[in-house]
Amino acid sequence: MKKIVKWFGIMVLIIAIIGGILFFKYLYPFMKKMKETEVVQFDKDLTLITGGGGNSGILNSDSLVVVIDTKMDAAAEELHTEVMKIAGSKPILVINTHIHPDHVKGNELYKGASILAGANFGKELWRKEVGEKNLPTEWIKDRMDIRIGDDTLTILNLNKNVHTQSDVFVYLHKRKLLFGGDVVLNKQAPVMIGVANAPAYQETLDWLPTAFDIQTIVPGHGRIGGIELIDNFKTYFNDMKTAASDPSKKTELVAKYDDWNQIPFVMSPGATIASFEKADDK
Ligand SMILES: [Zn+2]
């Protein structure tokens, strides 16, 4: 009996040490980095604010101000203060790229505003995930085009499981700028939980440059970039697919992404490989 207690104690200690190492190596730096924000003034009417949860945009015009993703916690409050400075008494339209808290937990600050999100979520799921206070007011089934200033803004619901069940792209035609939500990330492994699946990411990333003429990409997370963000993310998925079908190449391919933001098991090359393996089993 004493022996069992001793071994049990050792096991608990080992698990605690491994957990501690993973926390300080991956989770803590990631959480710290996620809180930092940076303001990029794209042009006089378009302000981009990266970090503090998902990346956000504020698009100003004479008659309407559009906010893309509302962040979470303190960064959501900061974003809201910035939006109110720009908007004054003008109406505000909020667009959520998807349901996750880091992109929508600031919704509750926009009382009286129209809030749009992908229709496949529905109210019940939204309430469960981020609460009644952050519920959208309208749901996008397929596509919506809005004339804003001298540009046209397209909201497109992907209508299939990619990162979530209702990922939304926001595209500005004149600026040739895409808000990719978490379907396009810059130097960050995708979260592979729930309905998220690697083959659908691959398909969508292949299709995306054929659907829109893209010059600038605001990814869901990471720095703003050009079309190369899609190419880099495509290469990542192609590499992970190769690793899934040829385990001898796995170590080398996974190591290529050591400097990307990762959380073991959920947001990591390993999780992406597992998603390809699961798809192959079907
Ligand atoms: Zn996110």
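Relevant structure appears above.
Conventions used here
- Residues numbered from 1 in each chain as written.
- Predicted model: local features only at pLDDT ≥ 70, side-chain atom pairs only at ≥ 80, totals over all residues.
- Buried ≥ 20, exposed ≤ 12 C-beta atoms within 10 Å, placed from the backbone.
- Helix = DSSP H or I, 4+ residues; strand = E, 2+ residues; numbered from the N terminus.
- Pairing = 2+ DSSP bridges.
- Axes fitted to C-alpha atoms, helices over the stretch in contact; angles between N-to-C directions.
- Contact = placed C-beta atoms within 7 Å.
- Core = buried A, V, L, I, M, F, W, Y, C linked by C-beta atoms within 7 Å.
- Left-handed = near helix turned anticlockwise from the far one by under 90°.
- Nonpolar A, V, L, I, M, F, W, Y, C, P; charged D, E, K, R; others polar.

Engineer: What's the story with the pairing of strand β10 (residues 168-172) in this structure? I'm lost.
Structural biologist: Two faces, one strand: in a regular strand the side chains alternate between the faces of the sheet. Among the 5 residues in β10, 5 count as buried, and that is most of the element. Here 5 bridges tie strand β9 (residues 151-157) to β10, and the two strands are oriented antiparallel to one another. Note on β10: the bridge partner recorded for Leu156 is Phe169. Counting the residues between successive antiparallel strands, the hairpin from β10 to strand β11 (residues 177-181) contains 4 residues, one of them, Lys176, with a positive phi of roughly 55°.

Engineer: Is there a simple way to think about the sheet that holds strand β12 (residues 216-219) in this case?
Structural biologist: Sheets are built from strands that pair by backbone hydrogen bonding, the pairs being arranged parallel or antiparallel. As summarised here, the arrangement of the 5 strands in space is β8-β9-β10-β11-β12, forming an open sheet in which the pairing is mixed. The two strands at the open ends of the sheet, each matched to only one other strand, are β8 (143-148) and β12. Averaged over all neighbouring strand pairs, the angle between strand axes comes to 15°, with direction disregarded. Of the pairings in the sheet, the one linking β8 to β9 comprises 6 bridges and is antiparallel in character. Residue pairing in the sheet places Ile146 in a bridge with Leu153 of β9.

Engineer: Honestly, the sheet that holds strand β1 (residues 37-43) in this entry has me stumped. Any pointers?
Structural biologist: In spatial order, the strands read β1-β2-β3-β4-β5-β6-β7; together these 7 strands make up an open sheet with mixed pairing. Single-partner strands in this sheet number two, and they are β1 and β7 (138-140). The average angle at which neighbouring strand axes cross in this sheet is 20°, direction not considered. Where strand β2 (residues 46-51) and strand β3 (residues 56-60) come together, 4 bridges link them in antiparallel fashion. Within the sheet, the bridge partner assigned to Leu46 lies in β3 and is Leu59. Relative to the sheet, helix α2 (residues 73-87) contacts β1, β2, β3, β4 (65-68) and β5 (92-95), its axis offset from that of β3 by approximately 10°.

Engineer: How should the nonpolar core be read in this particular structure?
Structural biologist: Val66, Ile95 and Val170 are the most contacted members of the largest nonpolar core, which has 68 residues in total. The greatest single-element share of this core, amounting to 8 residues, is contributed by helix α6 (residues 228-245). Discounting residues that sit within four places of it in the chain, Val170 has contacts with Ile68, Ile95, Thr97, Leu153, Ile155 and Phe179.

Engineer: Honestly, the packing of helix α5 (residues 198-211) against α6 in this entry has me stumped. Any pointers?
Structural biologist: Relative orientation and spacing of two packed helices are given, respectively, by the angle between their axes and the distance between those axes. Where α5 contacts α6, the axes come no closer than 10 Å and their chain directions differ by 145°. Seen from above, α5 lies across α6 with left-handed handedness. On α6, the residues touching Ala198, Tyr201, Gln202, Leu205, Leu208 and Pro209 of α5 are Ile230, Phe233, Lys234, Phe237 and Met240. In terms of residue class, the contact of α5 with α6 is built from 9 nonpolar, 1 polar and 1 charged.

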